[in-house]
Amino acid sequence: MQNRIIMHIDANSAYLSWEAVYRLQHGDSLDLRTVPSVVGGNEQTRHGIVLTKSTPAKAFGIQTGETLYTARMKCPGLLVVPPNYSLYMQCSIAMGDILREYSPFVEQYSVDEYFLDFTESKKLFGDPVQAAHSIKNRIRDELGFTVNVGVSSNKILAKMGSELKKPDKVHTLFPEEVEQKMWPLPVEELFMVGRATAKKLRDRCVKTIGGLAGSDPKWLELFLKSHGRLVWNYANGRDISLVRVNRHPVIKSMGNSTTTAFDLIDRQSAHLLLLSLVETVSARLRAAAYCTKLVSISFRTREFYQCSHQRKFYTATDSTRAIHQLACELFDELWEGHPLRHMGVSVSELCGKDFIQTAFFQEYDEKQQRLDRAVDLIRQRYGSNSIFRSSFIQTGLKPMAGGTGEEVDYPVMSSLL
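Residues numbered from 1 in each chain as written. Predicted model: local features only at pLDDT ≥ 70, side-chain atom pairs only at ≥ 80, totals over all residues. Heavy atoms only, no water.

Asks: Tell me about the nonpolar core, and name the residues and values.
Replies: Grouped together as the largest cluster of nonpolar side chains are 36 residues, with contacts concentrated most on Met7, Ile9, Trp18, Leu116, Ile139 and Phe145. Those elements giving two or more residues to this core turn out to be β1 (6-11), α1 (14-25), α4 (85-99), β6 (113-117), α6 (128-143) and β7 (147-152). If one sorts the elements of this core by residue count, α4 sits on top with 7 residues. Those residues in contact with Leu116, other than ones at most four positions away along the chain, are Ile5, Ile6, Met7, Ile9, Leu99, Tyr102, Ser103, Phe105, Val106, Ile135 and Val243. Among the nonpolar cores identified, the runner-up in size contains 31 residues, and Leu272, Val295, Cys328 and Leu397 belong to it. (Core = buried A, V, L, I, M, F, W, Y, C linked by side-chain atoms within 4.5 Å. Buried < 20%, exposed > 50% of the residue type's maximum accessible area, 1.4 Å probe, protein only. Helix = DSSP H or I, 4+ residues; strand = E, 2+ residues; numbered from the N terminus. Contact = heavy atoms within 4.5 Å.)

Shown next as structure tokens:
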């Protein structure tokens, strides 16, 4: 395993860089990357969250995930542009196509990250570091945006290497370099050490990745359970996972969420919003030839109190009606009448639909299946608004909420290493 050469390629400020390149190519004279700017939601419809920020915006202390309101307080002249998810997917695919010219073993890890196994490619392209520079420069020159490339002998170190000084850099982080380059970093910078884990570690005087690496893994397991062993291995640069060849990230779940332009105060409106989310999720399920066994719903109140609930089906399904019915049952059990500003629906425990064993006492509605397929075909051919349920007329709610073009949740990390 030590003879492997793994690269991690990470687009710098992906959404903003891709938006900037697109605008420059279409005649805009301003490069968004050179001014305080962010890609964010629509404040008028209360989708006011920073998705990504430019380097000049970082100087004002603007953070990904904060509200646009607080971002503008930090930088009154902040330039906010709306997201364009279809453009981002095109840029992601174009980056992957270049990488596959260097190795057949390419794993798309998220919309802006790829792993590449360069082990056998050394015979064709020679020195891995020079090849990494070639990859970085080709993406910059041909596609117009910059990436960082981490080079190592496994995936965790390659990823940590790509997170070092940005942008437009190539960094090596081989096992013999871990003590010098990685161990002095704050413990929060280690992959899989989130805010809660970092607090537990810092409360016990573990402040650096090196401090974590030198800790007793059995001691870590006392308060971090099995996760303690995982992050201890990562801190020591240990990882034996393989680069999994795929064209897109492995689908483990599907979901949509949306923030409404007005508070929902009655059950009927909430059920309708759930239906609009389920319409999009179930259509994606059927398009990918999946069925789901588990449905989850979540909502956020006007006071930003968040709740979630989930339940399994007896038999996997892709039916819009069945998923919506269960989602409404979950909502009714959870909601206490507080005004709502945000709702979400997700499905997981996905399985193929080639063969489904139905339950003895569960209804099998072939007519409903044919109806779902017919509606999908109409929307694919004539657009998502070509056919919708009359219950949405004059409600102010979209018949299909979430999804590409509104608020699709592309995974920052599609799976563990």
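Asks: Please give an account of unusual backbone geometry that cites residues and values.
Replies: Each neighbour pair has its own omega, and for Lys166 with Pro167 the value is -5°, a cis peptide bond. Relative to the elements of secondary structure, Pro167 occurs in the loop between α7 (155-162) and β8 (170-172). At Asp168, a position not held by glycine, the phi torsion is positive, near 60°. Looking at the element boundaries, Asp168 is found in the loop between α7 and β8. Within the chain, Phe304 stands out as a residue other than glycine whose phi angle is a positive 70°. Tracing the chain through its elements places Phe304 in the loop between β10 (290-301) and β11 (306-317).

Asks: Run through the side chain of Asn256, naming residues and quoting values.
Replies: Along the chain, Asn256 turns up in strand β9 (residues 253-264). Among the polar contacts listed, one links the side chain of Asn256 to the side chain of Arg284, at a separation of 3.2 Å. (Polar contact = N/O pair within 3.5 Å; in protein donor to acceptor, adjacent residues only side chain to side chain.)

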